[in-house]
Every structure is written in structure tokens, then in C-alpha cells.
Amino acid sequence: MVFSLLFALGFSACAKTASDSYFSEQPSSSKKEYEIFRKNIALEFENQTPKQWGENATGVKTKLDTNEKVIALTMDACGSPLGMGYDEKLINFLEQENIPATLFINARWIDKNPKIFKTLASKPQFEIANHGLEHKPASVNGKSIYNLKGTANAEELIDEIELNARKIESITHKRPKYFRSGTAYYDEVAVKIANKLNHQIIGFSILGDAGATFSAKKVKEAFLKAKKGEIAIIHMNHPESQTAIGTIEAIKELKKEGFRFVRLADYKLK
Ligand SMILES: [Zn+2]
């Protein structure tokens, strides 16, 4: 329940759409080109009706395909009104210890933290991934979860993925390859559309902080259950939470046990 509440807080509605504000900064021709691009992809999937809705829809990658003693640390920055923060303690620790991680960043968080975003993106140990334009669950027919309405149709889903991918690429000169939706919920057609947009959909196998609501002890316990090749999810946008303390303690222990931390791009996913 707490998890669902936190996910719900990840969402905020606004009159001017995020798509409008994205194109207000682009040449007028680019919006028309984009609309044709979006329409063509939506048409390709228009006759597909999803049957699944969840964190493990067909095609969602939740583990690394390896028998090595490695863990992929993934961290979300959701950019909701209460989730614009930056967990400096956590990131500083990762930098000092040279622990690689994949950072799933929402467009609104980038707007709020432009300098920090650029700095993080410039560090080879961190890999920037796509956490959507408005942090909506990934649906082609407006399914909801945790009282959060998902993208209403294929076109809105394409906006959610593609416009944040373009935003990230315009800043980092590197297009993201991985997408995690707000709430990490998907239908299987949404997964296929994301693949069409050259993104792999990333779930998780270790729920590290449940939307930054876990105590340090619970965060640590979650990590210490890790097996080979798992993908852990925590949040880097809640410095007030106990995520950093629990994660730092867990990483120290896991390293002693012989685990290495890696980025998603370092392994094939399954
Ligand atoms: Zn999020």
C-alpha cells in the first residue's frame, strides 16, 4: 500500500502538456515530422489488443543473462512534485567506490536538476536510461494502477518514451536504450512499441526501497537476498529517505561476499 501511495505521488497533471513544452523549444518543422513518425508507429500496432497488465508483461527484462556474481543497480529519478530531490549521499558513495549504475531519469527531473543531470551523464560509471516524459504507466488503452492513469493510447505512449529519449539525447548526445515506465507497469503491446522505439523495457528482481519508503534495515535486507544476475531498483530522488544508508551498508556487504556491480549495458538481459 505504501508503495502504491508513493507511486501515486509520482504523478502530477498539468494543463499544458509535456509534449507541448518539448516542442516549444524545437523548430516548428520538427513537430510535424514527429507527428508523422508517431502516427506511423501507432498505425502499425492499432489492431493489437493487450491481454496483460503488470510488472512482468511479456518482453519485460528483469535479470541479467549470466551466471557471474553480478548485480545491476538501477536508480529512478521520478520527477514528481515531491520527488525532485537528489540523493547526494548515495551518489557520492557510488562515485567514491566506483560502483557503476543505470540511472532512469524522468524529463521533469532533468528540468529541475539540469546541472546535476549533465554532470551525472558525463561520468562513464553511470548509464542514463529513460524514465518517461510524465511518469505514466505504459498502456495502449489507458489502464490504471495505484490510482495512476496510464498512457491513454499508442500515441501518448510514444510521447512518453520518445520525447524523453530525444530530450536526453539532445543533452547527452547519446540516445537511451532502456525504458522503465512510471510504476514499472506495462501491457505487452506497450512493450512491443517500446522495442520499436529501440528501447528495452526494464523491470526488476530486487525491490530495493519500495518507492523510497523502506527503512534502512529493510533496504539492506532486500539487497542481501541477491542472487547472481539480479536487477535491483531503488530511488535517487528522495534524499530524505533511508535508501542511501541501507544501500551503502548492503553494497559493502555484497562486495565482501564477492558480488560486483555492473550497468545494464554490460550484459545481455532476460
Ligand atoms: Zn518513478
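A short tour of the structure in this document, coming up.

Parameters at a glance
Residues numbered from 1 in each chain as written. Predicted model: local features only at pLDDT ≥ 70, side-chain atom pairs only at ≥ 80, totals over all residues. Heavy atoms only, no water. Helix = DSSP H or I, 4+ residues; strand = E, 2+ residues; numbered from the N terminus. Rg over C-alpha atoms; globule rule 2.2 N^0.38 Å. Buried < 20%, exposed > 50% of the residue type's maximum accessible area, 1.4 Å probe, protein only. Contact = heavy atoms within 4.5 Å. Axes fitted to C-alpha atoms, helices over the stretch in contact; angles between N-to-C directions. Parallel < 35°, antiparallel > 145°, perpendicular 65-115°, else oblique. Left-handed = near helix turned anticlockwise from the far one by under 90°. Pairing = 2+ DSSP bridges. Right-handed = clockwise from strand over helix to strand, strands pointing away. Donors = N, O, S within 2.8 Å, 3.2 Å for Na, K, Ca; no water. Salt bridge = Lys/Arg side-chain N within 4 Å of Asp/Glu carboxyl O.

1. What about the overall build of the protein chain?
Next, step 1: Helices and strands together make up the secondary structure of the protein chain, namely 10 helices and 10 strands.
Next, step 2: In terms of overall dimensions, the protein chain is globule-like: its C-alpha atoms have a radius of gyration of 18 Å, near the 18 Å expected for 270 residues.
Next, step 3: Overall, the protein chain is about 55 × 40 × 35 Å in size when its C-alpha atoms are taken along their principal axes.
Next, step 4: With 270 residues in all, the protein chain has 55% of them scored as buried.
Next, step 5: By sequence separation, contacts in the protein chain at least 24 residues apart represent 81% of the contacts at least 6 residues apart.

2. A look at the packing of helix H4 (residues 88-96) against helix H10 (residues 243-256)
Packed helix pairs are characterised by how far apart their axes lie and by the angle those axes make with each other.
Next, step 1: Viewed as axis vectors pointing N to C, H4 and H10 meet at an angle of 20°, and their least axial separation amounts to 8 Å. Classified by the interaxial angle, the pair formed by H4 and H10 is roughly parallel. Here the hand of the crossing between H4 and H10 comes out left-handed. For the pair H4 and H10, the contacting residues are Lys89, Leu90, Phe93 and Leu94 in the first and Thr243, Ala244, Ile245, Thr247, Ile248, Ile251 and Lys252 in the second.

3. Focus: the pairing of strand E2 (residues 101-105)
Next, step 1: Burial within E2 is extensive, with 5 of its 5 residues counted as buried.
Next, step 2: Side chains of E2 alternate between two faces, with Ala101, Leu103 and Ile105 and Thr102 and Phe104 buried alike.
Next, step 3: Sheet topology places strand E1 (residues 70-77) next to E2; 4 bridges connect them, and they run parallel. Bridge assignment links alanine 77 to a residue of E2, and that residue is isoleucine 105.
Next, step 4: Read as a crossover between parallel neighbours, the route from E1 over H4 to E2 is right-handed.

4. Overview of the coordination of the zinc ion
Under ideal tetrahedral coordination, the four donors around a metal are separated by 109.5 degrees; under ideal octahedral coordination, the six donors are separated by 90 or 180 degrees.
Next, step 1: Within the protein, the atoms that donate to the zinc ion are Cys78 (SG), His131 (NE2) and His135 (NE2), at distances of 2.1 to 2.2 Å.
Next, step 2: Read in sequence order, the donor residues coordinating the zinc ion give the pattern C-x52-H-x3-H. Here cysteine 78 is found in the loop between E1 and H4, whereas its partner histidine 131 is found in the loop between strand E3 (126-130) and strand E4 (144-145), with 53 residues between them in sequence.
Next, step 3: Look at cysteine 78 and you get buried, because its relative accessible area is 6%.
Next, step 4: What makes histidine 131 buried here is its relative accessible area of 1%.

5. Here we look at the pattern of salt bridges
Next, step 1: Applying the stated criterion across every chain, the model contains 18 salt bridges.
Next, step 2: Here glutamate 134 makes a salt bridge to lysine 136, at a shortest N to O gap of 3.2 Å. By the burial criterion, glutamate 134 is buried, and lysine 136 matches it.
Next, step 3: The shortest N-O distance in the salt bridge between glutamate 253 and lysine 220 comes to 3.3 Å.

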